Amino acid sequence: MTTALIIIFVVLAMLSPLTWLRPSKRETRTSLVRKAVIADGMRVDLKAAPLSDAPKGIVGYRRPWPTERDVTPFILVHDEWASDALREAVPGYRWREESRLAEDSDFAAALEHLTRALPEDALMLESSLSGLTLWWGESLALEDCEAWRREFEALHALLIAKAPIAHRRRPLVGTEPRMPGG
């Protein structure tokens, strides 16, 4: 009997580290959300959010711009992380860097629709040269992300539509496409 108990104890001691290797429920949930947005063409930025006092665990979900568009930059910060000196953009959010489209009614409506759909842990919405980025704490499961993702895509499309076409650069000499047989 004692031998059997010792064997069972040894086997359990050997198997216990395997349970630590299993991802947690949060890790499983966030990996599903990340895989879905990456498959949809978005990028996940794991670098620190561009706020000096941003909480840890904030991740950026970025939709890149088409290269030929010159989209307006802006930074919109949640009231909880914004100074009272900043001008209010929409209820709950303030301009850290105001958009040149701030007075445009279509832009204001799209921005308000998006901010209403954002999760509670949304820290900041940023439009930069690299794309439109939502910085948040990944608190939602994949099925709960549909509303904010739909509004995010609508704002992204509106910003592209309102952006002037940028001047295209000429390709470097020797990089032009060659015609077959030429």
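Further up the page is the structure itself.
All residue numbers refer to position in the chain's written sequence, counted from 1. Totals for whole chains, interfaces and linings use all residues, but because this is a predicted model, local features are given only for residues with pLDDT of at least 70 and pairs of side-chain atoms are given and counted only at 80 or more. Note that the side-chain values use all heavy atoms of the structure and ignore hydrogens as well as water.

J.: Tell me about helix α2 (residues 25-39), and please be specific about residues and values.
T.: Taking 1.5 Å of rise per residue, the 15 residues of α2 would be expected to cover 21 Å, and the 21 Å separating its terminal C-alpha atoms lies within 8% of that figure. Throughout this description, buried means an accessible area under 20% of the type-specific maximum (1.4 Å probe, protein chains only), exposed means over 50%, and partly exposed covers the range between. Elements are defined by DSSP. Helices are runs of H or I of four residues or more, strands are runs of E of two residues or more, and each kind is numbered from the N terminus. Of the positions making up α2, those classed as buried are Thr 30, Val 33 and Val 37. The arc enclosing the buried residues of α2, seen along the axis, measures out at 60°, which places them on a common side. Away from its buried face, by an angle of more than 90 degrees, α2 presents the exposed residues Lys 25, Lys 35 and Ala 39. Buried positions along α2 lie against β1 (43-45), β2 (59-63) and α4 (146-162). At the exit of α2 stands Gly 41, carrying a positive phi of roughly 100°. A helix is expected to span 1.5 Å for every residue after the first. Here, the arc refers to the directions that run from the helix axis to the C-beta atoms. Residue contacts follow a heavy-atom distance rule, with two residues in contact if any of their heavy atoms lie within 4.5 Å.

J.: Any details on a nonpolar patch on the surface? Residues and values, ideally.
T.: Excluding any residue in a salt bridge, patches collect residues exceeding 30% relative accessible area, merging like charges within 9 Å and nonpolar Val, Leu, Ile, Met, Phe, Trp and Tyr side chains within 5 Å. Accessible surface is estimated by sampling points in the Shrake-Rupley manner with a 1.4 Å probe; for residues, cover comes only from the protein chains shown. What counts as a salt bridge is simple: a side-chain nitrogen of Lys or Arg found within 4 Å of a carboxyl oxygen of Asp or Glu. A cluster of nonpolar side chains, Ile 6, Phe 9, Val 10 and Met 14, forms an exposed patch at the surface whose accessible area comes to about 450 Å². With respect to the helices and strands, Phe 9 occurs in helix α1 (residues 2-21). On the accessibility criterion, Phe 9 (59% relative accessible area) is exposed.

J.: Report on unusual backbone geometry, specifying residues and quantitative values.
T.: Unlike most non-glycine residues, Glu 138 shows phi in positive territory, near 55°. Relative to the assigned elements, Glu 138 resides in the loop between β7 (131-136) and α4.

J.: So what about the sheet that holds strand β5 (residues 93-97)? Which residues, and what values?
T.: By definition, two strands form a pair when at least two bridges between them are found by DSSP. Across the sheet, which stays open at both edges, the seven strands sit in the order β1-β2-β7-β6-β3-β5-β4 with antiparallel pairing between neighbours. Because the sheet does not close on itself, it has two edges, and the strands there are β1 and β4 (88-90). Put simply, the sheet's adjacent strands are angled 30° from each other on average, direction ignored. Note on method: axes are straight lines fitted to C-alpha atoms, helices fitted across the in-contact stretch only, with angles between N-to-C directions ranging 0 to 180 degrees. Helix-sheet contacts for α2 involve β1 and β2, and the interaxial angle to β2 is about 20°.

J.: Outline the environment of Ala 117, supporting the account with residue identities and numerical values.
T.: Relative to the elements of secondary structure, Ala 117 occurs in helix α3 (residues 105-117). Look at Ala 117 and you get partly exposed, because its relative accessible area is 23%. Ignoring sequence-local partners within four residues, the contact set of Ala 117 consists of Ala 147, Trp 148 and Glu 151.

J.: So what's going on with the side chain of Arg 149? Residues and values would help.
T.: With respect to the helices and strands, Arg 149 occurs in helix α4. Owing to a relative accessible area of 11%, Arg 149 belongs among the buried residues under this scheme. Leave out the neighbours within four places in its chain, and Arg 149 touches Ala 36, Val 37, Asp 40 and Leu 142.

Any link to function would need more than the numbers given here.
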